[in-house]
Amino acid sequence: MSDTPQPAPKGQEFEQTLDQSDTKVASFERKHHTLLERIQHVLHNNPTLVPVIVLVISLIAFGLIAGGKFFSAFNLSLILQQVSIIGILAAAQSLIIITAGIDLSVAAIMVLMSVVMGNLAVFAGVPSGIAILIGLAGGVGAGAMNGWFITKVKLPPFITTLGTWSIFYALLLWLSGAQSIRGQDIDTEAPFLKFFGASFNLGGARITLSAILMILVFVVLWYMLNKTAWGRHVYAIGDDKEAADLSGIRTDRTLLSVYGLAGFVCALAGWASIGRVGSISPQSFYEGNLDSITAVVIGGISLFGGRGSIMGALFGALIVGVFRSGLRLSGVDVLWQVFAIGWLIIIAVAIDQWIRRVSA
Amino acid sequence: MTTPVVQARGIVKRYGHVTAIDHSDFELRPGEVLAVIGDNGAGKSSIVKAICGATIPDEGEILIEGKPIKFNSPIEAREMGIEIVYQNLALSPALSIADNMFTGREIRKEGWMGKYLRLLDKPAMEDFARDKLTELGLMTVQSIKQPVETLSGGQRQGVAVARAAAFASKFIIMDEPTAALGVKESRKVLELIQDVRSRGIPIILISHNMPHVFEVADRIHIHRLGKRLCTIDPKDYTMSDAVAFMTGAKEPPAQDAG
Ligand SMILES: Nc1ncnc2c1ncn2[C@@H]1O[C@H](COP(=O)(O)OP(=O)(O)O)[C@@H](O)[C@H]1O
Ligand SMILES: [Mg+2]
């Protein structure tokens, strides 16, 4: 080793041997070790696999325990119908949670907008179609209000939506006078409000339009999230907002659009809920916020943002529906249904944490 | 004399009571690799961020190719062909390599599917990303859909550099690109820098690593206490001279590098 500078063609002297060294570092090959690590990797790349497996296993298990009445086409379509409203809310919630936010106001927006539609169409004589459009626009406005506080005033989503939850809830009590709008009044004045309550028979199954709407909402949002630049930006923001900013995404604008869209989907759920419930009740779906979060979490969407497929929330909602129905048909007390859902949430989050620890 | 690619005069940036940049000048010339060195906290990151719109300076003037420019965001700089490899890389870990390369400038499908349904042309983006990485000798081809978080530090750095190299038409800024890398990975990045320069794209390289700086830089900008102290030609000075200037142990030369 001498200190005199050599005419080094490439790199420092100590680096000369690099040319002979193995070149693997620069390639993107990777080695898997144990079976568990391999599973971890598969789940990491396909976060929806867990809820799908859970759904299939619980269907089989309840089919065995509760027998034919559980597995009948009628019961399965009933589960679909029962989860449809919470399912649509869960779709809205997924959008927010993928951006690493949370929305505690989804159910309040939904019920508020169903009250707005009902008041306008049933009491004010506004044509149903226009009342519905106003309600849907109101949903966008309510969502955008959340988005404005979060992006412009820089408030945390949890606090913002905790506040607007109360605000929207108070508004809906005021607008409704804490009174329900009866089903008969809707039927005579504005039957179109109940559009999504209509159903048709298919084999032994009874398919309601609200269930079809739910599936449609998931398919459209899945497309937007996975096949458009907007969707990639939503994921990038949830993943690492600062990085998204630096790589040229207009993060505030995108976030605002996410909250506005979520509000729209909530209002859509509000319209569908009128048909599903048959009346407009200010007291309905009070736990809808938490139910929607439950479906999202069980669906393998990370509460830390940027990870998981929106389809997971659909499976999450279905898992909750299957558990409720299966346990009820097996003659299990309601309290154990609640107990089981609680465990599902904790296990789902634990699995998410484990998947996120995937080693490079 | 040719017009500098970037010329900044009297830039000031304050963060509360801290003056990160204190009336600093800056100059990048066509086709060169300009190294920026200085102690921790000297304001190296701050001055390059001011040049590319990532922060907005409080005072001063920036000329790009002779024209005065005021960027309000890095997006505007990027639209002019200025690319930045940030110290923290600015990649989205859960997204794929291809997604990361195209963040903010995705390609849509031709025809109505792209126009009305805004459908992305994923195959086109993946092919482009694969080509770019292959061109830079960075990959074996089958894994362009792999999430960035499953890559090693050097591979991530490679993705960030490839992204910058693929889209830059004016110049590239690299903030400590080898700081977190091993010997072999650093070498790869230095080769990339020389590769990019050979295509005529000037580079601003912030680095602490004197051997790396002296190997690739055409000129060295020494930053001290928030401003440019001097510029030197690496052929005229030793590494210890440079360190002495940057720490204040030695007076800077009266004449800047020509
Ligand atoms: N966003 C910020 N907010 C507050 N202070 C900052 C910020 N960015 C940089 N600084 C301060 O400005 C000074 C220069 O920082 P920086 O440009 O990162 O230096 P360098 O890159 O040379 O290490 C430091 O004192 C740092 O603490
Ligand atoms: Mg720095």
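The name recorded for chain A in an unreviewed UniProt entry is ABC transporter permease, from Harenicola maris. For the record of chain A, the UniProt heading Subcellular location (unreviewed entry) holds the text "Cell membrane".

Asker: How would you summarise the UniProt feature "transmembrane region" (unreviewed entry) in chain A if you had to cite specific residues and measurements?
Answerer: All names here are of chain A. Mapped onto the present numbering, the UniProt feature "transmembrane region" (unreviewed entry) falls at residues 48–66, 78–98, 130–149, 155–175, 207–225, 256–274, 295–322 and 334–355. Within residues 207–225, the helical portion is 89% and the strand portion 11%, while the C-alpha atoms at the span's ends are 27 Å from each other. A helix fraction of 100% and a strand fraction of 0% characterise residues 256–274, whose end C-alpha atoms lie 28 Å from each other.

Asker: Can you lay out the site of ligand 1 for me, pointing to particular residues and giving the numbers?
Answerer: Residues and elements named next belong to chain B. Around ligand 1, the surrounding shell consists of Y15, V18, A20, D39, N40, G41, A42, G43, K44, S45 and S46. One of the backbone N or O atoms of G41 is found 2.7 Å from an oxygen atom in ligand 1. For ligand 1, an oxygen atom lies 3.0 Å from a polar atom in the backbone of G43. Summarising the interface, the protein chains cover 59% of the accessible area of ligand 1, which totals 560 Å² for the free molecule. Of all the secondary-structure elements, those providing two or more residues to the shell around ligand 1 are β2 (18–28) and α1 (44–51). In terms of residue class, the shell around ligand 1 is built from four nonpolar, five polar and two charged.

Asker: Describe the pairing of strand β9 (residues 219–224) of chain B, and please don't skip the residues or the numbers.
Answerer: All names here are of chain B. The buried count for β9 comes to five of six residues, which makes it a mostly enclosed element. As paired elements, β9 and strand β10 (residues 227–232) share five bridges and run antiparallel to each other. The residue of β10 that forms the bridge with H221 is T231. Where β9 folds back on β10, the antiparallel hairpin that results is connected by two residues, among which L225 adopts a positive phi of roughly 50°.

Asker: Report on the sheet that holds strand β8 (residues 203–206) of chain B, specifying residues and quantitative values.
Answerer: Residues and elements named next belong to chain B. Taken in spatial order, the six strands make up an open sheet running β6-β7-β8-β3-β9-β10, and their pairing is mixed. Looking at which strands have only one partner, the edges of the open sheet turn out to be β6 (82–85) and β10. Across the sheet, the mean angle from the axis of one strand to that of its neighbour is 20°, orientation sign disregarded. Pairing of β6 with strand β7 (residues 171–175) involves four bridges; the strand directions are parallel. Counted as the bridge partner of E83 is I172 from β7. With respect to the sheet, helix α9 (residues 239–247) is in contact with β3 (33–38), β9 and β10, its orientation differing from that of β9 by roughly 30°.

Asker: Describe unusual backbone geometry, and please don't skip the residues or the numbers.
Answerer: Even without glycine at this site, F285 of chain A takes up a positive phi of about 55°. As for its placement among the helices and strands, F285 of chain A is situated in the loop between α12 (251–277) and α13 (288–298). With phi around 50°, L225 of chain B is a residue other than glycine that occupies positive phi space.

Asker: Report on the confidence of the model for chain B, specifying residues and quantitative values.
Answerer: Averaged over every residue, the pLDDT of chain B is 88; residues scoring 70 or more account for 98%. Here the predicted complex scores 0.86 on pTM and 0.82 on ipTM.

Asker: Go over the pattern of salt bridges, please, and point to the residues and values.
Answerer: Applying the stated rule across the entire model yields 21 salt bridges over all chains. Here E149 of chain B and R307 of chain A are joined by a salt bridge, their closest N and O atoms 2.9 Å apart. Of this pair, E149 of chain B sits in the loop between α5 (122–135) and α6 (153–167) while R307 of chain A sits in the loop between α13 and α14 (310–329), placing the two residues on different chains. Residue E149 of chain B is classed as buried on the basis of its relative accessible area of 15%. A salt bridge links D195 of chain B to R199 of chain B; its shortest N-O distance comes to 3.5 Å. According to the relative accessible area criterion, D195 of chain B is partly exposed, its value standing at 32%.

Asker: How would you summarise the confidence of the model for chain A if you had to cite specific residues and measurements?
Answerer: Residue and element names in this part refer to chain A. This prediction gives chain A a mean pLDDT of 88; 90% of its residues lie at or above 70. When the criterion is pLDDT under 50, residues 1–9 qualifies, and its contacts beyond four places in sequence or with other chains add up to five contacts. Scored below 50 in pLDDT, residues 21–29 shows 24 contacts in the model against residues more than four places distant or in partner chains.

Asker: Let's hear about the layout of surface pockets: which residues, and what values?
Answerer: In this approach, a probe sized like a water molecule rolls over the atoms, and the result shows the empty space that is left. In this model, the largest pocket occupies a volume close to 950 Å³. Around the largest pocket, the lining is made up of 39 residues, and of these H44, N45, N46 and P47 of chain A together with A94 of chain B lie nearest the centre. Elements with a contribution of two residues or more to the lining of the largest pocket: α1 (35–45), α2 (49–66), α9 (209–227), α10 (229–239), α13 and α15 (334–356) of chain A together with α3 (97–102) and α5 of chain B. In terms of residues, the lining of the largest pocket owes the most to one element, α15 of chain A, which gives six residues. Residue composition of the lining of the largest pocket, by class: 19 nonpolar, eleven polar and nine charged.

Asker: How would you sum up the packing of aromatic side chains? Please name residues and give values.
Answerer: Applying the stated criterion to the full structure yields 17 aromatic pairs over all chains. Judged by centre distance (5.9 Å) and plane angle (45°), the ring pair of F62 of chain A and F70 of chain A falls under tilted. Here F62 of chain A and F70 of chain A have matching classes, each one buried. An aromatic cluster is defined as three or more aromatic residues linked by ring pairs; in this entry it consists of F62, F70, F71 and F323 of chain A. Of note, R105 of chain B hangs over the ring of F167 of chain B, and the distance from its end group to the ring centre comes to 3.8 Å.

Asker: Tell me about the side chain of Q93 of chain A, residues and numbers included.
Answerer: Residues and elements named next belong to chain A. Residue position: Q93 is located in helix α4 (residues 73–98). What makes Q93 buried here is its relative accessible area of 0%. Here Q93 is in contact with I102, D103, V106, N289, S292, I293 and V296, once residues within four sequence places are set aside.

Asker: Help me get a handle on the side chain of K44 of chain B, residues and values and all.
Answerer: With respect to the helices, strands and loops of the structure, K44 of chain B is situated in helix α1. Not counting residues up to four positions away in its chain, the partners in contact with K44 of chain B are V36, I37, G38, D39, E176, I206, H208 and H223 of chain B.

Asker: A description of α1 of chain B should follow, citing residues and the corresponding values.
Answerer: Residues and elements named next belong to chain B. Among the eight residues that make up α1, six are buried, leaving the element largely enclosed by the rest of the structure. Those residues of α1 lying buried are K44, S46, I47, V48, A50 and I51. Looking one or two residues beyond α1, the residue adopting positive phi is G53, at roughly 85°.

Asker: Help me get a handle on empty space enclosed by the protein, residues and values and all.
Answerer: A complete count under the given rule lists six cavities of 30 Å³ or more for this structure. Around the largest cavity sit L246 and S247 of chain A together with P74, R78, I82, E83, I84, Y86, A90, R105 and R163 of chain B, which together line it. Of all the elements in the fold, those that place two or more residues in the lining of the largest cavity are α2 (74–79) and β6 of chain B. Of the residues forming the lining of the largest cavity, the biggest block, three residues, is contributed by β6 of chain B. Partitioned by chemical class, the residues of the lining of the largest cavity number six nonpolar, one polar and four charged.

Reading the values: the criteria
- Residues numbered from 1 in each chain as written.
- Chains lettered and ligands numbered in written order.
- Predicted model: local features only at pLDDT ≥ 70, side-chain atom pairs only at ≥ 80, totals over all residues.
- Heavy atoms only, no water.
- UniProt positions renumbered as here; feature names shortened; annotations may be inferred.
- Helix = DSSP H or I, 4+ residues; strand = E, 2+ residues; numbered from the N terminus.
- Near = heavy atom within 4 Å.
- Polar contact = N/O pair within 3.5 Å; in protein donor to acceptor, adjacent residues only side chain to side chain.
- Areas by Shrake-Rupley, 256 points an atom, 1.4 Å probe, with all protein chains shown as cover.
- Nonpolar A, V, L, I, M, F, W, Y, C, P; charged D, E, K, R; others polar.
- Buried < 20%, exposed > 50% of the residue type's maximum accessible area, 1.4 Å probe, protein only.
- Pairing = 2+ DSSP bridges.
- Axes fitted to C-alpha atoms, helices over the stretch in contact; angles between N-to-C directions.
- Contact = heavy atoms within 4.5 Å.
- pLDDT = per-residue confidence, 0-100.
- Salt bridge = Lys/Arg side-chain N within 4 Å of Asp/Glu carboxyl O.
- 1 Å grid on protein atoms, 1.4 Å probe; cavity = no way out; pocket = protein on both sides within 12 Å on 5 of 7 lines; lining within 4 Å.
- Points joined across faces, edges and corners; volume = space filled by probe spheres on them.
- Phe/Tyr/Trp six-rings, centres within 6.5 Å; stacked < 30°, edge-to-face > 60°.
- Lys NZ or Arg CZ within 6 Å of the ring centre and 35° of its normal.

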